[in-house]
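Notes for the structure review
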There are 2 protein chains.
Amino acid sequence: MNIGIDIGGTNIGAGLLDDNLDFIYKTEFPTENEKGYEFVEAKIINIIEEMILIAEKNGENIESLGIGIPGIADNSGDNIVFCPNLHWRNKPMGINLRKRFAIDINIENDATLAGIAENVLGVSRGYDNSVFITLGTGVGAGIIIDGKMYKGAHGVASELGHLIVGENFYDCNCGKNGCLETFASSTAIEKYMLREIDKGRYETKLFNRINKIEEVNAEHIFQCAAEGDELCNKAIDRMVKYLTIGITNIINILDPGIIVLGGGVSKAGSFLIDRIENLIPNYILFDDMEYADIRLAKLGNDAGIIGAAMLNQYK
Amino acid sequence: MNIGIDIGGTNIGAGLLDDNLDFIYKTEFPTENEKGYEFVEAKIINIIEEMILIAEKNGENIESLGIGIPGIADNSGDNIVFCPNLHWRNKPMGINLRKRFAIDINIENDATLAGIAENVLGVSRGYDNSVFITLGTGVGAGIIIDGKMYKGAHGVASELGHLIVGENFYDCNCGKNGCLETFASSTAIEKYMLREIDKGRYETKLFNRINKIEEVNAEHIFQCAAEGDELCNKAIDRMVKYLTIGITNIINILDPGIIVLGGGVSKAGSFLIDRIENLIPNYILFDDMEYADIRLAKLGNDAGIIGAAMLNQYK
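This is a predicted model, so every value here is computed, not measured. (Residues numbered from 1 in each chain as written. Chains lettered and ligands numbered in written order. Predicted model: local features only at pLDDT ≥ 70, side-chain atom pairs only at ≥ 80, totals over all residues. Heavy atoms only, no water.)

1. Focus on the overall build of chain A
- If you tally the helices and strands in chain A, you get 11 helices and 13 strands.
- For a compact globule of 315 residues, the expected C-alpha radius of gyration is about 20 Å, and chain A comes in at 20 Å, within 12% of that figure.
- A burial count over chain A gives 59% of its 315 residues as buried.
- Restricting to contacts in chain A with at least 6 residues of sequence separation, those with at least 24 account for 60%.
- Carbon together with sulfur atoms contributes 43% to the accessible area of chain A, which is approximately 12,800 Å² in total. (Helix = DSSP H or I, 4+ residues; strand = E, 2+ residues; numbered from the N terminus. Rg over C-alpha atoms; globule rule 2.2 N^0.38 Å. Buried < 20%, exposed > 50% of the residue type's maximum accessible area, 1.4 Å probe, protein only. Contact = heavy atoms within 4.5 Å. Areas by Shrake-Rupley, 256 points an atom, 1.4 Å probe, with all protein chains shown as cover.)

What follows is the structure, given as structure tokens:
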């Protein structure tokens, strides 16, 4: 059996999976990162101990523990190098967990784990080369080449959220201007809509759904766009334009067999995918040649846990 | 022995190489593409026959023939799919040559071949993952992953010249706006300079070097910039800015060990490399982590022929 843990900014998901990658046990609890790194690490240690007990009750051993983080770890898996949204720098999670648990422990970027999970069990199964893009409050990605996680020479590959794809009216958290994340995340859609409303563009159905400006969110904007609201469609069209530039940049560099879209924004489903597919021919180089399929992720929130649980096999 | 042929828009280079990849024979002749594809193919057949005779005189057989093209061939190497600058579409070069010569024949993109040559014999030797970028009248590239040419799922990978990295005042030949090629090729530098001059900015030392406006070229612009000319430095700074955005986009996706710059524009040498290296920290995501070395290509014009001659081993 293997344990997978997926550390997010809001919640931590954890699961115990058997050798067929079926869940034996699954749980979720708040990260409470505001209480400090040590507090979060202690919670993770507790849940690991709990799952080891469950495995023992089933007469099974734990072969490996995989941990997904919203950032990067060093190649040894000893230290978390940087998780921007958790404000973690140089945290010795691997060192500390290995002191306590005599099992194979690995740490990997969460989007990379979701990418390998989709490649083994999900929508990109059967493709040698795939790119998984998670569109949430930020934009992350995982690259699979020849069925393996692609990590690059220094462990900083697949940061597709920080591809520069244009010029934007606000800077990215990373300090740069024009990052894909500032066009294609839920945050980006919301910021653009708030700016448009601030310009005095109140003729939107959005206000039938919300009571105050603070309630503007990407989900409402997508819903109103689907109902034909002009301003919301303008916001979505802009998001789709730059996401398509990002996707075609990836096609022009990596030419994967499939590009998988996951994360909260991807819940817009075919409404989003259809627009991207319609726009790709405008940006693709060889429009008479085959290029990557664009598909929605299949495993949902579990992808990170599943990817973490299989990490020792695919690292 | 192996034959390598590098088909360019202006010239065709051809070489006979021994098993140590040393040149036994090397020649260059004009492409004369205006006389039609069949004419060019006949010239290539002639030079192949000539080199087979040279090998025979040395008591050696030809093991393989590799051909580099400024475009893409299908995976079988039967047909050239598209060479934009030669206006070739669906030319059966592989089929025709295989009818005539009973040797292993392969066709590959010229920048990819230069990339593998640099990886085996040149500046990127010893690196598992490298990206070769050729900055000439256009911008091409070759990606090496795990020591092998990376070709993608449909053979359309590594088209870095068509990464969209901003918005430009003119459209690319491919029909899109903002392609790296329209910022970082010699053509791009020249077009920008001519536009600035056209705006009435005559206060440049460029006119000490040339007699008429048609003589403006990237080499002169680099030379005047190195001498401190303000307008020429403005043109080079703009080129370096967008080239650095392209390079950091590649780092953020692929995180190669090294990025190699070749082609005519790279003859600007350390004047160019130093500016890029100074600017990279402004665009890189993890500026406290190691990232790709940026180096000049070593093999010069021969890289394409050498890569073609080793194609059967590295395809």
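2. A closer look at unusual backbone geometry
- The phi dihedral of Glu-32 of chain A falls on the positive side, at around 50 degrees, and the residue is not glycine.
- Here Glu-32 of chain A shows up in the loop between strand 3 (23-30) and helix 1 (37-57).
- Classification of Glu-32 of chain A as partly exposed rests on a relative accessible area of 22%.
- Positive phi outside glycine occurs at Asn-90 of chain B, with the angle close to 50 degrees.
- Residue classification places Asn-90 of chain B among the exposed residues on the basis of a relative accessible area of 57%.

3. Some thoughts on the packing of aromatic side chains
Residues and elements named next belong to chain A.
- One pass over the full model with this rule turns up 10 aromatic pairs over all chains.
- Considering the side-chain rings of Tyr-37 and Trp-88, the 4.9 Å spacing of their centres and the 90 degrees angle between planes classify their relative orientation as edge-to-face. Of this pair, Tyr-37 sits in helix 1 while Trp-88 is found in strand 7 (residues 88-91), placing the two residues 51 residues apart along the sequence.
- Given the relative accessible area of 2%, Trp-88 is considered buried.
- A cation over an aromatic ring shows up here: Lys-26 above the ring of Phe-23, its NZ or CZ 4.8 Å from the ring centre. (Phe/Tyr/Trp six-rings, centres within 6.5 Å; stacked < 30°, edge-to-face > 60°. Lys NZ or Arg CZ within 6 Å of the ring centre and 35° of its normal.)

4. Concerning the relation of the copies chain B and chain A
- With an RMSD of 0.0 Å, chain B superimposes on chain A once it is rotated by 180 degrees and translated 0.0 Å along the axis. Taken together, the rotation and translation describe the operation of a two-fold axis. Residue Gly-166 of chain B of chain B places its C-alpha closer to the rotation axis than any other residue of that unit, at 2.4 Å.
- Most of the interface of chain B is mirrored in chain A: 100% of its interface residues are interface residues there too. (Least-squares fit on C-alpha atoms with pLDDT ≥ 70 in both.)

5. Digging into the side chain of Lys-176 of chain B
- For Lys-176 of chain B, the location among the structural elements is in the loop between strand 11 (148-149) and helix 4 (181-184).
- Glu-159 of chain B provides the closest opposite charge to the buried, salt-bridge-free Lys-176 of chain B, at an N-O distance of 9.1 Å.
- Within polar-contact distance, the side chain of Lys-176 of chain B engages the backbone oxygen of Tyr-283 of chain A at 2.9 Å.
- Of note is the side chain of Lys-176 of chain B, whose polar atom sits 2.9 Å from the backbone oxygen of His-162 of chain B.
- Excluding residues that lie within four positions of it along the chain, Lys-176 of chain B makes contacts with Asn-252, Asn-282, Tyr-283 and Ile-284 of chain A together with His-162, Ile-164 and Asp-171 of chain B. (Lys, Arg positive; Asp, Glu negative; His and termini not counted. Salt bridge = Lys/Arg side-chain N within 4 Å of Asp/Glu carboxyl O. Polar contact = N/O pair within 3.5 Å; in protein donor to acceptor, adjacent residues only side chain to side chain.)

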